[in-house]
Amino acid sequence: MTITPELIEQHQLTPAEYQKIVSLLGREPSYTELGVFSVMWSEHCSYKSSRLHLKKLPTTGKYVVQGPGENAGIIGIGGGWVIAFKIESHNHPSYIEPFQGAATGVGGILRDIFTMGARPIAVMDSLRFGPPGNSPTGEHNLRILTGVVSGIAHYGNCFGVPTVGGECIFEDCYSANPLVNVFALGVCRENEIFYARASGVGNPVIYVGAKTGRDGIHGASMASAEFTEESKQKRPNVQVGDPFLEKLLLEACIEAMKTGAIVAIQDMGAAGLTSSSCEMGSRGGVGIDIDLDRVPQRESGMTAYEMLLSESQERMLLVAEMGREDEVFQVFRKWGLDAVTIGVVTPDGNLRVRHHGELVAEIPNPALADEAPRYDRPHNVKPYRKARLEPPSHIPGSKGLNADLLRLVASPDLCSKRWIWEQYDYLVRTNTIVGPGSDAAVVRVKETGTSIAMSLDGNGRYCYLDPREGAKLAVAECCRNLATTGATPVAATNNLNFGNPERPEIMAQLVEAIEGIAEACTFFEAPITGGNVSLYNETLGEGIYPTPVLGIIGLMNTAVPTPVKFRSDGASILLLGGLGANHALRFGSSQYAKVILNQLWGLPPELNMAYEKRVHDCVREILADGLAESAHDLSDGGLAVALSECCTSEIGAGIRIEAGERVEFSLFGEAPSRILLSSSEPARIHEIALRYDVECPLVGVTMKKQLQIGDGNAMWIDIATADLKQSFEASLPHLLHTHNAG
Amino acid sequence: MKVGIVVFPGSNCDHDAWYAINRNVPHSLQSEAEFIWHDSTDLSKVDAVLLPGGFSYGDYLRCGAIARFSPVMNAVKKFAAGGGTVMGICNGFQILVEAGLLPGALLRNQDLKFVCREVTLRTETADSPFTAKLRKGQLLHMPVAHGEGRYFADEHTLDTLEAEERVAFRYIDNPNGSMRDIAGILNRERNVLGVMPHPERACDSLMGSTGGLGIFESLLSSVPALASAQAEGPLCATL
């Protein structure tokens, strides 16, 4: 087949990129080779727009065993054990086919973890959809939401990994571009880590797992383009997942690794056979020869092009020690899986592919993996934002603060996500000490006395108003969640969800956000050990809010944790960190502005990282000393919403605070660095706070069945906690039910 | 005594049951759990059999519909027929029902969704090896986690179960639409129990509840250790 300009364009390669291919090969590529280059050089696989800036991220630290560049990052947790963890997006497939898109997103990240030798012990997901309910796209958004949730449940539950937490946010900008970011974490012994570096000339290259079919061809390229009206035609590009097969693959891989016969192993994710073989070869500085006739195939008549680009799920490629293939085969036979030698490690650094006896591709591995284009995309403009900076001259007064609070706790972003997380098995493997619905999830490692706390956070509204500060706030929020659980942050992973990087004002968002993450992760000593960049999150030219999602993990001793909710009445309530500054300029990014005022303006909350960190250190000491009955950080919705979340149907609170500039700002402003504590020993907490130079006003006392907030003269909030709970819990099922019925 | 935990390829609560028996149950009971691979047919070395939760062979058809044909299930049927004690949890319950060791069926949950939450069970009989250490009427907290847990049987079967006091546990807060709130049932000989909730997930206060310990303590102290007296070494190592 002749390579025409049209064909090059269809493969999303620019003329300049094509010229680079020609010069790297010293000839015109074949059609198959063109396909291989197009996926390996896609944005999704090559990070060509972001790589330059990702270098700014801190990647080393005292706990880091493996930073970015492998299938997952690895950190040491002591006692000879390590954990592997990473986050990855499956945004584009989830829009086209929500159930399978999300399911295979879970499958992909799980393989990234166990390909390193680690058994997955926790999953979390960060989801963003268009608003459900009464909007033109409400019905559609709902279908995506329910599809994605059942896809995640289907895969994770059957595989046997608990889904222990996450977040779910709704904004118009995600209507045509939902975000599905999945985080996974696994555990293994330090001396049993596996890497994806092929070595040993003559060693066999073995294909294991599912057979190759025509599904998912060009999935990676699809994830690297904007959506158009024709995108629905891309449904065949979405893969189909089989969690049972993945479970078999997990058990077989871990068992095979124990034979000692495996040299290197890599999962076949984006760009399937192509990327796994050329990345393993490239990392190890060797070549790989593959004979496609030996690849287990699900259907007949597949071309080399199709086999190389297929993204059929639940497949792995591994390099075994020459002569010890049978040990590997035996394990896979036991689990009923295909395991076939399809190639061999060679000395020359080339990926060489044969099909029906003919050489169909011969490409130097480094050309695919390392020589991919890198762009310094223009970004010397202000990051894209349409929202006004100045607050509106008149911010309408509240029509009723009680009603406002009830509306807020029932709003889609803030309401209970129980309807979602009860569909996930969050307990399997019996390690879940803190499950969904808390500040951070906590999973114990049975083999050591250590538990892992983990938090996912991102805030598109904040980042839209100021990508740099918004990104820093996300890092701070994660670290605060961990601290509130008693854990110390040790490492991070990030998922950068942005629009089209070829637009300078979008590229500026990306660069600003990366620099913000770099600054905050350095400051909070949470180095980035891996992650994912998802660009081109635009449909018909309309982009999403810039949405960096941070996943930060922390370590703590295994113990029964301090709960979020109040435990007894008559306990003192302290606001560690103080009331914080809440002004009109920064009120426009709040949930109050979104839900009650239906507006967005100004700037995100102001973050003082040094103060924030002192608050974290302080709360860790308070919790370690067992001084708090409950602990919960302030986040979206501010003080009043956080207080509502601390209440149970039996225990409420009586709060007295000074009215600031506006009562709404004090109640609903979203300043960071604040944690609500309840305690019977406030004096000892004050002592500790004083030592850390952190404000810690006594703001009230817990009491039976009522939440009351006022300044001593006026009572602003006075609601039965049962009503708060009802609004909080019933909202999401109600939204979904009324729609299903109508 | 020795409990054999059957491992189907898609079992995923096998290690949890193993951990509960080997780590959470008091040492004084001198019990231990071992794994039995699904193609094994030899149960002569164990005193009781536990079918754990999970997705036996993927369960893309009806849950447990394929597992009933596995080699180990033939052995389990013989084991039970000979008076051996057998407990099926979640997927294990589904398999016991499919294999005909227990009556009725487990249908998709009433709201068609998977549900994971803590529930409260009422112990309905203390007359079984699984409940001997519990009081009739005793409330137990433990989680459910299933998509197909709605117990269904015809009226006659349900009446028989009640008349013979074979309903072992009932939900106080029925999570799945099970008929007559049934969460667990016994066979006529009372040596086979199927229970939908997960006692093995409620054996450690770190997990929030120890409501399942009583069931394991009953089982492990009721069954005499006969077979294990002659057994040596693991039957099948899948760890």
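Bear in mind that the values here come from a model prediction, so they are computed numbers and not experimental data.

1. Notes on the overall build of chain A
Secondary structure assignment for chain A yields 26 helices and 28 strands. A compact globule built from 742 residues should have a C-alpha radius of gyration of about 27 Å, and chain A, at 26 Å, falls within 12% of that. Along the longest, intermediate and shortest principal axes, the C-alpha atoms of chain A span 90 × 50 × 50 Å. A total of 742 residues make up chain A; the buried ones form 62% of that total.

2. Some points on the overall build of chain B
When you go through chain B residue by residue, the secondary structure sums to five helices and 11 strands. In terms of C-alpha radius of gyration, chain B reaches 16 Å, essentially the compact-globule figure of 18 Å for 239 residues. Considered along the principal axes of its C-alpha atoms, chain B spans approximately 45 × 35 × 35 Å. Here the contacts in chain B between residues at least 6 apart in sequence split such that 77% fall between residues at least 24 apart.

3. A word on the packing of helix α22 (residues 609-624) of chain A against helix α25 (residues 682-691) of chain A
Residues and elements named next belong to chain A. Interaxial distance between α22 and α25 falls to 9 Å at its minimum, and their mutual angle equals 150°. Taken together, α22 and α25 sit at an angle that is classed as roughly antiparallel. For α22 against α25, the interelement crossing comes out right-handed. Facing α22, whose interface residues are Cys618, Glu621 and Ile622, α25 presents Ile685, Ile688 and Ala689. By residue class, the composition of the contact of α22 with α25 is five nonpolar, no polar and one charged.

4. Remarks on the interface of chain A and chain B
At the junction of the two partners, chain A supplies 23 residues and chain B supplies 22 residues. Listing elements by their share of the side of chain A that touches chain B, those giving two or more residues are α8 (138-159), α10 (243-257) and β14 (432-434) of chain A. Of the residues in the side of chain A that touches chain B, the class split is 11 nonpolar, six polar and six charged.

5. Some remarks on the nonpolar core
All names here are of chain A. Grouped together as the largest cluster of nonpolar side chains are 318 residues, with contacts concentrated most on Val475 and Leu576. Ranked by the residues each element gives to this core, the list is headed by helix α19 (residues 504-523), at 11 residues. If we ignore the near neighbours within four places in the chain, the residues touching Val475 are Ile517, Ala520, Cys521, Phe524, Ala526 and Leu550.

6. Looking at the confidence of the model for chain B
Residues and elements named next belong to chain B. For chain B, the mean per-residue pLDDT works out to 93, and 94% of the residues sit at or above 70. A low-confidence stretch, residues 228-239 stays under pLDDT 50, and its non-local contacts, those more than four residues away or across chains, total 20 contacts. For this predicted complex, the interface score ipTM comes out at 0.94, alongside a pTM of 0.95.

7. Thoughts on the pairing of strand β27 (residues 706-710) of chain A
Residue and element names in this part refer to chain A. On β27, burial follows the alternation: Leu707 and Ile709 on one face are buried, whereas Gln706, Gln708 and Gly710 on the facing-out side are not. Two strands pair when backbone bridges link them, and β27 and strand β28 (residues 715-720) are joined in this way by five bridges, in the antiparallel orientation. Paired with Gly710 across the strands is Met715, a residue of β28. Two successive antiparallel strands, β27 and β28, enclose a turn made up of four residues, where Gly712 displays a positive phi of approximately 100°.

8. Thoughts on the sheet that holds strand β7 (residues 204-209) of chain A
Residues and elements named next belong to chain A. The strand order across the open sheet formed by seven strands is β8-β10-β7-β11-β9-β12-β13, and the pairing between neighbours is mixed. Edge strands, defined here as strands with exactly one partner in the open sheet, are β8 (262-267) and β13 (358-364). For this sheet the average axis-to-axis angle between neighbouring strands, irrespective of direction, equals 25°. For strand β12 (residues 350-355) and β13, the ladder comprises six bridges, and the chain directions are antiparallel. Pairing of Arg354 across the sheet is with Leu359, part of β13. The strands touched by helix α11 (residues 272-284) within the sheet are β8, β9 (287-291), β10 (315-320) and β12, with β8 carrying the most contacts at an inclination of about 135°.

9. Side note on the sheet that holds strand β11 (residues 192-195) of chain B
Residue and element names in this part refer to chain B. The strand order β2-β1-β3-β4-β11-β10-β9-β6-β7 describes an open sheet built from nine strands, whose pairing is mixed. What marks the edges here is a single partner per strand, and that holds for β2 (32-37) and β7 (139-146). In this sheet, neighbouring strand axes are inclined to one another by 25° on average, regardless of whether the strands run parallel or antiparallel. Note: strand β3 (residues 48-51) against strand β4 (residues 85-89), four bridges, orientation parallel. Counted as the bridge partner of Leu51 is Gly88 from β4. The strands that helix α1 (residues 14-24) touches are β1 (2-7), β2 and β3; relative to β2, the one it contacts most, it runs at about 155°.

10. A closer look at α1(B)
Considered for burial, the residues of α1(B) that qualify are B:Asp14, B:His15, B:Asp16, B:Ala17, B:Trp18, B:Ala20 and B:Ile21. The secondary structure elements touched by the buried residues of α1(B) are β1, β2, β3 and α5 (213-222) of chain B.

11. Regarding the packing of helix α7 (residues 98-114) of chain A against α8(A)
Residues and elements named next belong to chain A. Between α7 and α8, whose axes approach to 7 Å, the crossing angle comes to 40°. In terms of crossing hand, the pair formed by α7 and α8 is right-handed. Judged by residue contacts, Pro98, Phe99, Gln100, Gly101, Ala102, Ala103, Val106, Gly107 and Leu110 of α7 engage Arg143, Ile144, Gly147, Val148, Ser150, Gly151, Ile152, His154, Tyr155, Gly156 and Phe159 from α8. By residue class, the composition of the contact of α7 with α8 is 11 nonpolar, eight polar and one charged.

12. Some words on the environment of A:Ala610
All names here are of chain A. With respect to the element layout, Ala610 can be found in helix α22. For Ala610, a count of 10 C-beta atoms within 10 Å corresponds to the exposed category. Sequence-wise, Ala610 and Gln706 are 96 residues apart; in three dimensions their C-alpha atoms are separated by 36 Å.

13. Let's talk about unusual backbone geometry
Residues and elements named next belong to chain A. In the Ramachandran plot, Arg429 falls in the positive-phi region, its phi being about 85° despite a non-glycine side chain. For Arg429, the location among the structural elements is in the loop between α16 (418-421) and β14. The buried category is assigned to Arg429, around which 22 C-beta atoms lie within 10 Å. Backbone geometry at Asp693 places phi at a positive 55°, although glycine is not the residue there. Checked against the element boundaries, Asp693 lands in the loop between α25 and β26 (698-704). Judged by C-beta crowding, with 10 C-beta atoms within 10 Å, Asp693 ranks as exposed.

Reading the values: rules and limits
Residues numbered from 1 in each chain as written. Chains lettered and ligands numbered in written order. Predicted model: local features only at pLDDT ≥ 70, side-chain atom pairs only at ≥ 80, totals over all residues. Helix = DSSP H or I, 4+ residues; strand = E, 2+ residues; numbered from the N terminus. Rg over C-alpha atoms; globule rule 2.2 N^0.38 Å. Buried ≥ 20, exposed ≤ 12 C-beta atoms within 10 Å, placed from the backbone. Contact = placed C-beta atoms within 7 Å. Axes fitted to C-alpha atoms, helices over the stretch in contact; angles between N-to-C directions. Parallel < 35°, antiparallel > 145°, perpendicular 65-115°, else oblique. Left-handed = near helix turned anticlockwise from the far one by under 90°. Nonpolar A, V, L, I, M, F, W, Y, C, P; charged D, E, K, R; others polar. Core = buried A, V, L, I, M, F, W, Y, C linked by C-beta atoms within 7 Å. pLDDT = per-residue confidence, 0-100. Pairing = 2+ DSSP bridges.

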